[in-house]
Amino acid sequence: MMSDKQRILTGITTTGIPHLGNYVGSIRPAIASAKEAFAKGDGDAFFFLADYHGIIKCFDPDEIHRSTRAIAATWIACGLDPNEVTFYRQSDIPEIPELAWVLNCSCAKGLMNRAHAYKAAVDQNLAKEDTDPDFGISMGLFGYPVLMAADILMFNATHVPVGKDQIQHIEMARDIAGTFNFKYKPLFVEPTAVVDENTPLLTGLDGRKMSKSYGNTIPLFGDGNPQIDPEKALKKAIMQIVTNSQLPEEPKNPDDCNIFEIYKAFATQDEINALAEQYRQGIGWGDAKEILFEKINSEIAPYRARYLELMNNPKELEEILQMGAVKARRHAQKQLDKTRRAIGIKPLAKLK
C-alpha cells in the first residue's frame, strides 16, 4: 500500500467563478507541480471538483452547477491534462462519503470542536445576546474536516497543496488516519501539507485580499457566461481597481499600489524593475492599468479559446469528468474494500 512515490491531491470547491487570485495561488502552481511530477516519473496527481464541500455554505443549486462547469473548463483550459492526471467530480465517487462515515466513527468530537471554521462560527454567535452557540451551524460545517480527510485518505495522497488557513485540516487528516491505523490496520498514509511561501496572495479591486466574499475579484475568464466576451470583462474589471488621487506626473510608490502588486505575479523581474521606475518617474493610473491588462492578457489569452470551447460544449466536459471518475473509482473501490474488511464488514463466507 505504502509507496515511495509522491501523490499530489488538490480539491477545488465548486462555488464561485475562478478569478485571478485562484489562478495565481492555486491553478497555475498546481498544474506546474503535476507536470513536473509526471515528467520526472516520480509521482501522480489527483484533482477533483469538491461539489459536496460546495453545498456546505452554498444553497443555490444553479450556482453549484454553473460553478462546476466553469471551474472544470478553467482547469482544463489552463493546461491540466486529464490523460496525465486523475481529474474527477467528488460526487461521482460514492466511496468517498462512505469512507467519511467510517472515519467519523473513530474520529473524536473534540478534534472537530477545535476546527477553525467551527470555532469562528461559534464565536460569532457568542458575540450576540441570547443566541445558541451552535445557531445556524450545520453538521456539514462541523464535520467538514472529516469529509476532507476522506478525500485525501481514499487515495493515500502523500502531498496536499494548501493555503496556510488549511494546514489545520491536513493535520486533522493525519490525526484521523493515525487513529484508524492504530485501531484497526495501517491502511492510510498520513499526508503532508504543502505550503508554497512564495505563492503570491493577490490584492483585489479595493486593495484587500482578492476574495469572492469581499466582492473584489477580477474574473479570469469572465463571469461564467459563455455569451459574454471574457477579454472585455477582464479589462473592465482591471479599470475598476481603486487608486488614490495622485496626478499622472507625480512620483508614486510602487510598493503601495495594488496595481503593481498584481503585476508582480505575472511579470519577470526585469519587467517589474522597469515598471517600478515608471512609478517613481510618474505614471498615470490609466496607463498603469493598461500595462497590467496587457501583461495579464498575454498570459491567459492562449487559454481563453479552449475555455470558451469547453463552456459551449458541456458534453465534452462531462465526458472528461466521467473518464476521470472511472480512473478514480478504480483506486477508491479497492481502498474502501480494504477499509470495510478492516472494520469487520465483509462476507460471512465465500460463495461458490
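A few points on the structure. None of the values given here were measured: they were computed from a predicted structure.

Our focus in this paragraph is the overall build of the protein. Check the secondary structure of the protein and you find 14 helices and five strands. Scaling as 2.2 N^0.38, a compact globule of 352 residues should have a C-alpha radius of gyration of about 20 Å, and the protein matches this with 23 Å. Its C-alpha atoms put the protein at 85 × 55 × 40 Å along the principal axes. Put simply, of all contacts in the protein between residues at least 6 apart along the chain, 78% involve residues at least 24 apart. For the protein, the accessible area works out to roughly 18200 Å², and carbon and sulfur atoms hold 52% of it.

What follows concerns the environment of proline 219. Checked against the element boundaries, proline 219 lands in the loop between β5 (192-194) and α10 (230-238). For proline 219 and isoleucine 17, which are 202 residues apart along the polypeptide, the C-alpha to C-alpha distance reads 7.2 Å. In contact with proline 219, other than residues within four places in its own chain, are Pro18, His19, Leu234 and Ala237.

Next up on the list: helix α8 (residues 144-153). Structurally, the α-helix is built with 3.6 residues per turn, so residues lying three or four positions apart point the same way. Summarising burial for α8: 10 of the 10 residues are buried, a large majority. Among the residues of α8, Tyr144, Pro145, Val146, Leu147, Met148, Ala149, Ala150, Asp151, Ile152 and Leu153 are the ones counted as buried.

Geometrically, a pair of aromatic rings is defined through the distance of the ring centres and the angle of the planes. Under the criterion given, the structure shown has 12 aromatic pairs. On the basis of an interplanar angle of 40 degrees and a centroid distance of 4.9 Å, the ring pair of phenylalanine 180 and tyrosine 184 is categorised as tilted. The class of tyrosine 184 is partly exposed, set by a relative accessible area of 42%. Ring geometry for tyrosine 279 against tryptophan 285: centres 6.0 Å apart, planes inclined by 65 degrees, an arrangement best described as edge-to-face. Seen from the ring of phenylalanine 266, arginine 28 lies directly overhead, with NZ or CZ sitting 5.4 Å from the centre. Its guanidinium or amino end placed over the ring of tyrosine 214, arginine 208 lies 4.2 Å from that ring's centre, counting from NZ or CZ.

Before going further, it helps to spend a moment on unusual backbone geometry. The phi angle at aspartate 130 is positive, at roughly 50 degrees, despite the residue not being glycine. With respect to the element layout, aspartate 130 can be found in the loop between α6 (116-126) and α7 (139-142). For asparagine 156, which is not glycine, the phi torsion reads 50 degrees and is therefore positive. Here asparagine 156 is to be found in the loop between α8 and β4 (159-161).

On to the packing of helix α4 (residues 95-104) against α8, then. Remark: α4 packs on α8, axes separated minimally by 8 Å, with the N-to-C direction vectors making an angle of 120 degrees. Considered as vectors, α4 and α8 are oriented oblique to each other. Judged by the sense of rotation from one axis to the other, the crossing of α4 with α8 is right-handed. The segment α4 lies against α8, with Ile96, Leu99, Ala100, Leu103 and Asn104 engaging Val146, Leu147, Ala149, Ala150, Asp151 and Leu153.

The subject of this paragraph is the pairing of strand β2 (residues 43-50). With seven of eight residues buried, β2 is to be regarded as a mostly interior element. Across eight bridges, the pairing between strand β1 (residues 6-13) and β2 is parallel. Paired with arginine 7 across the two strands is aspartate 44, which belongs to β2. The handedness of the β1 to β2 crossover, carried by helix α1 (residues 20-40), is right-handed.

Cut-offs applied
- Residues numbered from 1 in each chain as written.
- Predicted model: local features only at pLDDT ≥ 70, side-chain atom pairs only at ≥ 80, totals over all residues.
- Heavy atoms only, no water.
- Helix = DSSP H or I, 4+ residues; strand = E, 2+ residues; numbered from the N terminus.
- Rg over C-alpha atoms; globule rule 2.2 N^0.38 Å.
- Contact = heavy atoms within 4.5 Å.
- Areas by Shrake-Rupley, 256 points an atom, 1.4 Å probe, with all protein chains shown as cover.
- Buried < 20%, exposed > 50% of the residue type's maximum accessible area, 1.4 Å probe, protein only.
- Phe/Tyr/Trp six-rings, centres within 6.5 Å; stacked < 30°, edge-to-face > 60°.
- Lys NZ or Arg CZ within 6 Å of the ring centre and 35° of its normal.
- Axes fitted to C-alpha atoms, helices over the stretch in contact; angles between N-to-C directions.
- Parallel < 35°, antiparallel > 145°, perpendicular 65-115°, else oblique.
- Left-handed = near helix turned anticlockwise from the far one by under 90°.
- Pairing = 2+ DSSP bridges.
- Right-handed = clockwise from strand over helix to strand, strands pointing away.

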